[in-house]
Amino acid sequence: MSSSLTSLFSEVTKLNPNEPEFLQAVEEFLTSVVPFIEKHDNYKADHLLQRLIEPERVIIFRVPWLDDKGEMQVNRGFRVEYNSTIGPYKGGLRFHPSVNLSILKFLGFEQIFKNALTGLPMGGGKGGSDFDPKGKSDNEVMKFCQSFMLELSRHIGPNTDVPAGDIGVGGREIGYLFGQYKRIKNEFTGVLTGKGQGWGGSLIRPEATGYGLVYFLREMLRAQNMTIQDKVIAISGSGNVAQYACEKAIDLGAKVVTLSDSSGYIYDPNGIDKKKLEYVVELKTIHRGRISEYAQNFNCSFVKGKTPWEVKCDIALPCATQNELNEKDAKTLVQNKCVAVCEGANMPSTIDAVNYFLSNRILFAPGKAANAGGVAVSGLEMSQNSLRLHWSREEVDEKLQIIMRDIHQACLKYGESKEYIDYVKGANIAGFIKIADAMIDQGLV
Ligand code: NDP
């Protein structure tokens, strides 16, 4: 670390104790951006980095709700309104027992640059709750969502802050949240994205993160004269991002051999085909079952309590959660001749794992570039809501492909050298420049 990086990072560490995920995201960002700023005087003034690292606003609130037995429950709700320099705060809501301020600040911080990379006018934000939807009835999830929105509705709006889904928040939860917002405000607006098709949702939004991830992977491989065809792919997770990454990878001729959830992973050496994937979608979104049931149903192995990175593959797509791929996993992947790692989840690789990939010259795409397709189509949903129009599937998919290609180009612009394309550096610097230029224009706010 250079001395200016060390002193800034120790200042941030002192200000944000007990926030390891947040500090990890900031460190990764500063490692790319501080050396760039050192060579560009126009970004040295105005405490730009200090202002960027501090969220504009953090809201923490109590969420009381009644369970099916009539007993009172209490959870904690959050919204981190991180940066509104280029548009309304935009970012998902996560419902998971692990949710805390550190996790939401890391997600909100990364969201600023991800949203900037899409080229659409969206600021960065993130929110959620430590509520666990697993094992709850639809009625309990609805009660919780309504109480959560009762408070959140004071802080959001189509021109202020537009949340979406994330872990534990899918179509069902967005429906309950939207219904309650509409009831409280007595207005029908595009205040959330990921809405149902019949009431303002965009086609391709559910698919967008997973599809976008594979489009980005295609660009990475194309830059090396390679294709996805016949590649063996290991995917983690079996939720929204994993399902649609799997679908698009199959469409482009790859063989996907793993999926996982928090209890372990399945390994299907014959490849997950469209029929088997349909089973996974139904299992996860309708029955809310466990991925181990796939192994029983299709007679393949289930490896309990482990992540899929020990499986031999050409490409790894981590699509579950943060820090699910560590340095040991990175070494195994490199040893097994994996050529590319593309992050569908947010910050799934630890800093040591990222450094190992970079020093071994593996193609590595950070989530803030590779999984930006989801928020990009959320941005397109906002545009359609404002215009009161509904674009066709083909139109949205084409726009998504162009956006992912442009993000790839932006990464090349700032990350390409003679020997290697450093996508981490490219994504961080490209995102930073867009926000920093706008912050300079807008003065001290
Ligand atoms: P879902 O809730 O649909 O699925 C999450 C998947 O990850 C599930 O298979 C879940 O397993 C698994 N998982 C969650 N927590 C853990 C854990 N601690 N250890 C192991 N597995 C875990 O979420 P999404 O697919 O929407 O999100 C996945 C990732 O992608 C997240 O990092 C999210 O921030 C990121 N992302 C999502 C976007 C979107 O549009 N949805 C956009 C951009 C990024 P289980 O069911 O057992 O909990």
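Remember, predicted model here, so these are calculated numbers, not experimental data.

1. Quick notes on the packing of helix α2 (residues 20-38) against helix α4 (residues 101-117)
- The geometry of α2 relative to α4 is characterised by a closest axis approach of 6 Å and an angle of 25 degrees between their N-to-C directions. Classified by the angle their axes make, α2 and α4 are roughly parallel. On α4, the residues that touch Pro20, Glu21, Phe22, Ala25, Val26, Glu28 and Phe29 of α2 are Ser102, Ile103, Lys105, Phe106, Phe109, Glu110 and Phe113.
- Here the contact of α2 with α4 is built from residues that sort into 9 nonpolar, 1 polar and 4 charged.

2. Structural notes on the site of the ligand
- Taken together, the neighbourhood of the ligand is formed by 26 residues, with Asp166, Thr209, Ser262, Arg290 and Asn346 sitting nearest.
- Separating an oxygen atom of the ligand from a backbone N or O atom of Gly168 is a distance of 3.0 Å.
- Out of a free accessible area of 890 Å², the ligand has 83% covered by protein chains.
- Mapped onto the shell around the ligand, the elements with two or more residues apiece are α7 (205-222), α8 (240-251) and β7 (255-261).
- Across the shell around the ligand, the residue classes break down as 5 nonpolar, 13 polar and 8 charged.

3. Concerning the nonpolar core
- Residues Phe216, Leu217, Ile233, Ile235, Leu317, Cys342 and Ile407 are the most contacted members of the largest nonpolar core, which totals 60 residues.
- Here the element with the most residues in this core is α7; it accounts for 9 residues.
- Apart from the residues within four sequence positions on either side, Ile235 is in contact with Ala242, Ala245, Cys246, Val256, Thr258, Leu259, Ser260, Pro308, Trp309, Leu317 and Cys319.

4. Concerning the environment of Trp391
- Considering the arrangement of structural elements, one finds Trp391 in the loop between α14 (373-387) and α15 (393-415).
- Leaving out residues up to four positions away in the same chain, Trp391 has contacts with Leu203, Leu380, Ser383, Gln384, Val396 and Lys399.

5. What about the sheet that holds strand β4 (residues 124-129)?
- Across the sheet, which stays open at both edges, the 5 strands sit in the order β1-β2-β4-β3-β5 with mixed pairing between neighbours. The sheet is open, and its two edges are formed by β1 (57-66) and β5 (161-164), each paired on a single side. Direction aside, neighbouring strands of the sheet carry axes that sit 20 degrees apart on average.
- The sheet contact formed by strand β3 (residues 89-95) and β4 spans 3 bridges and is parallel. From the neighbouring strand, Phe95 faces β4, where its bridge partner is Ser129.

6. Side note on the packing of aromatic side chains
- Across all of its chains, the model carries 26 aromatic pairs by this definition.
- Geometrically, the ring pair formed by Phe178 and Phe188 is edge-to-face, given 5.1 Å between the ring centres and 75 degrees between the ring planes. In this pair, Phe178 is assigned in helix α6 (residues 171-185) and Phe188 in the loop between α6 and α7, connecting sequence segments 10 residues apart.
- On the basis of relative accessibility, which here comes to 3%, the residue Phe178 falls in the buried class.
- Lys105 extends its terminal NZ or CZ atom over the ring of Phe22, reaching a point 4.4 Å from the ring centre.
- One residue, Lys136, lies across the ring of Phe131, its end atom 5.3 Å from the ring centre.

7. A few points about the side chain of Glu28
- Mapped onto the secondary structure, Glu28 falls in helix α2.
- Ignoring any residue separated from it by four or fewer positions in sequence, one finds Glu28 in contact with Glu110, Ile351, Lys368, Val424 and Asn428.

8. Some details on the environment of Ile266
- Here Ile266 is to be found in strand β8 (residues 264-267).
- Taking the C-alpha atoms as reference points, Ile266 and Lys304, 38 residues apart in sequence, are found 8.6 Å from one another.
- Among all residues touching Ile266, those that are not within four sequence positions of it are Val257, Thr258, Leu259, Ile272, Ile291, Tyr294, Ala295, Ser301 and Phe302.

9. Section: unusual backbone geometry
- Positive phi is not limited to glycine here, since Asp46 has a value of about 65 degrees.
- Note that Asp46 resides in the loop between α2 and α3 (48-53).
- Note on Asp46: relative accessible area 46%, which makes it partly exposed.

10. What about the pattern of salt bridges?
- On inspection of all chains with the given rule, the structure shows 21 salt bridges.
- As a salt-bridge pair, Glu28 and Lys368 come within 3.1 Å of each other at their nearest N and O atoms. One end of the pair, Glu28, is in helix α2; the other, Lys368, is in helix α13 (residues 367-370), with 340 residues separating them in the sequence. Here Glu28 and Lys368 have matching classes, each one buried.
- Of the charged contacts in the structure, one is a salt bridge between Asp161 and Arg79, with a shortest N-O distance of 2.7 Å. With Asp161 in strand β5 and Arg79 in strand β2 (residues 72-83), this residue pair connects regions lying 82 residues apart in the sequence. Assigned by exposure class, Asp161 and Arg79 land together as buried.
- Through salt bridges with shared partners, a single ionic network connects Glu28, Glu110 and Lys368.

11. Digging into the packing of α7 against α14
- Direction vectors running N to C along α7 and α14 enclose 145 degrees, while the axes themselves pass 7 Å from each other. Considering only the axes of α7 and α14, their crossing is right-handed. Contacts between α7 and α14 involve Arg205, Ala208 and Thr209 from the first element and Gly373, Gly374, Val375, Val377, Ser378 and Glu381 from the second.
- Of the residues belonging to the contact of α7 with α14, the class tally is 3 nonpolar, 4 polar and 2 charged.

12. Quick word on the sheet that holds strand β6 (residues 232-235)
- Strand order in the open sheet made by the 7 strands is β9-β8-β7-β6-β10-β11-β12, with mixed pairing throughout. With one partner strand each, in any of the chains shown, β9 (301-304) and β12 (363-365) form the two edges of the open sheet. The mean inter-strand angle of the sheet, taken between neighbouring strand axes irrespective of direction, is 15 degrees.
- The sheet contact formed by strand β11 (residues 340-342) and β12 spans 3 bridges and is parallel. By the bridge assignment for β12, Cys342 is matched with Ala365.

Thresholds, definitions, all that
In this numbering scheme, every chain counts its residues from 1 along its sequence in written order. It should be noted that, the model being predicted, local features are given only for residues of pLDDT at least 70 and side-chain atom pairs only at 80 or more, the latter also being counted only at that level, while totals for whole chains, interfaces and linings use all residues. Only hydrogens and water are removed before side-chain values are computed, so all heavy atoms of the structure are retained for them. Think of each axis as a best-fit line through the C-alpha atoms, taken over the contacting stretch in the case of a helix, with angles from 0 to 180 degrees between the N-to-C directions. Strands here are runs of E lasting at least two residues and helices are runs of H or I lasting at least four, both read from the DSSP assignment and numbered beginning at the N terminus. Orientation labels follow simple angle bins: below 35 degrees gives roughly parallel, above 145 gives roughly antiparallel, 65 to 115 gives roughly perpendicular, and whatever is left gives oblique. Whether two residues touch is decided by their heavy atoms; if any such pair falls within 4.5 Å, the residues are in contact. Residue classes follow a fixed rule: Ala, Val, Leu, Ile, Met, Phe, Trp, Tyr, Cys and Pro count as nonpolar, while Asp, Glu, Lys and Arg count as charged, and any other residue, Gly among them, counts as polar. In these notes, residues near a molecule or strand are those with any non-hydrogen atom within 4 Å of it. N or O atoms closer than or at 3.5 Å make up a polar contact, with two conditions inside protein: a donor-capable atom paired with an acceptor-capable one, and, for residues adjacent in sequence, both atoms drawn from side chains. Accessible surface is estimated by sampling points in the Shrake-Rupley manner with a 1.4 Å probe; for residues, cover comes only from the protein chains shown. Nonpolar cores were defined as sets of buried Ala, Val, Leu, Ile, Met, Phe, Trp, Tyr and Cys residues, with membership established by side-chain atoms within 4.5 Å. Type-normalised accessible area, obtained with a 1.4 Å probe on protein chains alone, sets the label of each residue: buried when under 20%, exposed when over 50%, and partly exposed for intermediate values. At least two bridges found by DSSP between two strands are what make those strands a pair. Side-chain rings of Phe, Tyr and Trp (the six-membered ring for Trp) are treated as a pair once their centres are within 6.5 Å; stacked means planes under 30 degrees apart, edge-to-face means over 60, and tilted covers the remaining angles. Geometrically, a charge over a ring is one whose NZ (Lys) or CZ (Arg) sits within 6 Å of the ring centre while staying within 35 degrees of the ring normal. We count a salt bridge whenever a side-chain nitrogen from Lys or Arg sits within 4 Å of a carboxyl oxygen from Asp or Glu. Take the far helix as your reference; a near helix turned counterclockwise from it by less than a right angle gives a left-handed crossing, and one turned clockwise gives a right-handed crossing.

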